[in-house]
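Examination of the molecular architecture
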Amino acid sequence: YRDDDDINDVASMAGVNLNEESARILATNSDLVGTQIQSCKDEPFLAAIPLHKRILEMAKKLGITDVPTEVVTFISHATQNRLRTVIEKVTVITQHRMESYKDDEWYEQATDVRSQLKFFEQLERLEKQRKDEQEREILLKAAKSRSRQEDPEQARLKQKAKEMQQQELAQMRQRDANLTALAAIGPRKKRKLDSPGLLTIGGEGLAVSGGSQAGVGAPSSRQYARQKITRVNLRDFIFYMEQERETSHSLLLYRALLK
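The structure displayed is predicted, hence computed values, not measured ones. Numbering of residues begins from 1 in every chain and follows the order in which that chain's sequence is written. The predicted origin of the model limits local features to residues at a pLDDT of at least 70 and limits the giving and counting of side-chain atom pairs to 80 or more, whereas totals for whole chains, interfaces and linings rest on all residues. Calculated side-chain values reflect all of the structure's heavy atoms, with hydrogen atoms and water omitted.

Observations regarding the overall build of the protein chain
The following threshold applies: Helix and strand definitions follow DSSP, with helices as H or I runs of at least four residues and strands as E runs of at least two, each counted in order from the N terminus. Only protein chains enter the area calculation, which uses a 1.4 Å probe; residues under 20% of their type maximum are buried, those over 50% are exposed, and those in between are partly exposed. Here the Shrake-Rupley method, with its probe set to 1.4 Å, supplies the accessible areas, and only the displayed protein chains count as covering residues.
Assigned secondary structure in the protein chain consists of eight helices and three strands. Starting at the N terminus and walking to the C terminus, you meet the elements of the protein chain as α-α-α-α-α-α-β-β-β-α-α. In the protein chain, which comprises 259 residues, the share counted as buried stands at 10%. Accessible area of the protein chain: about 24,300 Å², with a carbon and sulfur share of 54%.

Describing helix H4 (residues 69-98)
Condition: How far a helix is expected to stretch is found by multiplying one less than its residue total by 1.5 Å. Should any heavy atoms of two residues lie within 4.5 Å, those residues are counted as being in contact.
In a regular helix each residue adds 1.5 Å, so 30 residues correspond to 44 Å; H4 covers 43 Å between its end C-alpha atoms and thus fits that length. Those residues of H4 not exposed but buried are Val72, Ser76, Val86, Val90, Ile93 and Thr94. On its buried side, H4 packs onto helix H3 (48-60) and helix H7 (234-243).

A look at the confidence of the model for the protein chain
The predicted coordinates should not be examined in detail at positions where pLDDT is low. Quick reminder of the rule: Residue-level confidence of the predictor, termed pLDDT, takes values from 0 up to 100.
Of the residues in the protein chain, 72% reach a pLDDT of 70 or more, and the chain-wide mean stands at 76. Overall, residues 195-221 carries pLDDT values under 50, and its contacts beyond four positions in sequence, including any with other chains, amount to 34 contacts.

Observations concerning the nonpolar core
Here is the rule we go by: We define a nonpolar core as any set of buried Ala, Val, Leu, Ile, Met, Phe, Trp, Tyr and Cys residues linked to one another through side-chain atoms lying within 4.5 Å.
Formed by Val86, Val90, Ile93, Ile238, Tyr240, Met241, Leu253 and Ala256, the largest nonpolar core amounts to eight residues. Looking at this core, the elements with two or more residues in it are H4, H7 and helix H8 (251-258). Excluding residues that lie within four positions of it along the chain, Val86 makes contacts with Phe237 and Tyr240.

Digging into a nonpolar patch on the surface
What counts is decided by this rule: Distance thresholds for patches are 9 Å for like charges and 5 Å for nonpolar side chains (Val, Leu, Ile, Met, Phe, Trp, Tyr), applied to residues having over 30% relative accessible area and no salt bridge. What makes a salt bridge here is a side-chain nitrogen of Lys or Arg within 4 Å of a carboxyl oxygen of Asp or Glu, nothing more.
Where nonpolar side chains cluster on the molecular surface, the patch consists of Phe119, Phe120, Leu123 and Leu126 and spans about 400 Å² of accessible area. Within the fold, Phe119 resides in helix H5 (residues 113-144).

Quick look at H5
This is how it is decided: Here a polar contact is recorded for every N or O atom pair within 3.5 Å, except that within protein the pair must consist of a potential hydrogen donor and a potential acceptor, and residues adjacent in sequence are included only if both atoms are side-chain atoms.
Here H5 contains 32 residues, and its C-alpha end-to-end distance of 47 Å stays within 8% of the 46 Å for a straight helix at 1.5 Å per residue. One side-chain oxygen of the residue at the start of H5 lies 3.4 Å from the amide nitrogen of Arg114, identifying that residue as Asp112.

Concerning the side chain of Glu244
Structurally, the position occupied by Glu244 is in the loop between H7 and H8. Of the polar contacts made by the side chain of Glu244, one reaches the side chain of Lys89; its length is 3.1 Å.

Here's the deal with the packing of H3 against H4
Threshold: All axes here are fitted lines through C-alpha atoms, helices being fitted over the stretch that makes contact, and every angle between N-to-C directions spans 0 to 180 degrees. Reported orientations rely on four angle classes, namely roughly parallel under 35 degrees, roughly antiparallel over 145, roughly perpendicular from 65 to 115, and oblique for the rest. Three categories are distinguished: nonpolar for Ala, Val, Leu, Ile, Met, Phe, Trp, Tyr, Cys and Pro, charged for Asp, Glu, Lys and Arg, and polar for the others, with Gly belonging to the last.
Following both chains from N to C, one finds H3 and H4 inclined at 105°, their axes separated by 10 Å at the closest point. When the axes of H3 and H4 are compared, the pair comes out roughly perpendicular. Only Val72, Ile75 and Ser76 of H4 make contact with H3, whose side of the interface consists of Ala48, Leu51, His52 and Ile55. Per-class residue counts for the contact of H3 with H4 are five nonpolar, two polar and no charged.

Considerations on the packing of H4 against H7
To describe two helices that pack against each other, one gives the angle between their axes and the distance between the axes. Counted only if it meets this: Should the near helix be turned anticlockwise from the far one by less than a right angle, the crossing is left-handed, and should it be turned clockwise, the crossing is right-handed.
The N-to-C vectors of H4 and H7 enclose an angle of 115°; their axes lie 9 Å apart at closest approach. Taken together, the axes of H4 and H7 are roughly perpendicular relative to one another. Crossing of H4 over H7 shows right-handed handedness. Every residue of H7 that contacts H4 at Arg82, Val86, Lys89, Val90, Ile93, Thr94 and Arg97 is listed here: Arg235, Asp236, Phe237, Phe239 and Tyr240. Its residues assigned to classes, the contact of H4 with H7 comprises six nonpolar, one polar and five charged.

What follows is the structure, given as C-alpha cells:
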C-alpha cells in the first residue's frame with residue numbers, strides 16, 4: 001500500500017485499482033492468451049507444374065536454364081491480379097451499356113429506332129397486302145372469264161384461283177372451329193401465386209409457403225431475392241481492348257474484330 005499523501009499516484013487518487021483492472025483485462029481476453037497466429041498458405045492461382053514447364057521453355061530461348069519456384073508463384077499471382085483487373089473494367093463497361101436513361105429527367109429522347117423499324121415493317125406489310133389484293137383480283141377475273149379458246153396461261157390462272165379459294169375456305173373453317181372451341185372451354189382462370197402449398201420459381205425470386213406447422217389460416221412464406229447477373233459479350237471486350245494502350249494495336253484485337 002502506498003501512502004495517501006503521495007501526490008504522484010494519480011490512479012490511487014482517482015480511486016482506480018490497477019491490479020483489479022489488469023485482472024479484468026486478462027479475464028476478458030483469456031481466449032486469445034497463448035494462441036499463435038499464422039499467415040495463410042500461399043496458394044498459386046495457376047497450376048504450378050504446367051506453368052513452370054512453359055516458363056522453362058520460354059527461358060531456354062533466352063539462354064536461361066534455371067527458374068526458381070518463387071518466380072512461378074509471382075507470375076501466377078500477377079496473372080490473377082491482371083485477370084481481376086480486366087474483369088472489373090469489362091464489368092463496368094457492361095453496366096454502362098445496360099444503363100437506361102428513359103426515366104432520367106436530364107435526358108430527352110431524340111430518336112426512336114424501334115418505332116422507326118415498326119413503321120417500316122408496317123409499310124412493307126401494307127405493300128405486300130396491296131400486291132396480294134391485286135393478284136387476287138387478277139385470279140378472280142381469270143376464274144370468271146369464259147373464253148372459248150384454250151389458253152394454257154388462262155388455265156393456269158384458273159387453277160391457281162381455285163386453289164386460293166380453297167385455302168381461304170379452309171382458313172375460315174379453322175378460325176370458326178377455334179372460336180367454337182374457345183367458347184366451349186370458357187374464360188381461363190388465372191392461378192393464384194399466393195395460395196398455400198404453391199411453389200413459384202421465376203420472376204423476382206422463390207416463394208415457399210409453409211406446411212402443417214404454420215397452420216391453415218396463416219401460412220408462413222420466405223422470399224429469396226434474385227441475384228443480378230451481368231452478361232459480358234464480345235463487343236464489351238473489344239471496346240475494352242480499344243481503350244487499353246497495351247491492346248489497342250495488338251493482334252488479339254484484330255482477330256476479335258474479324259469474328
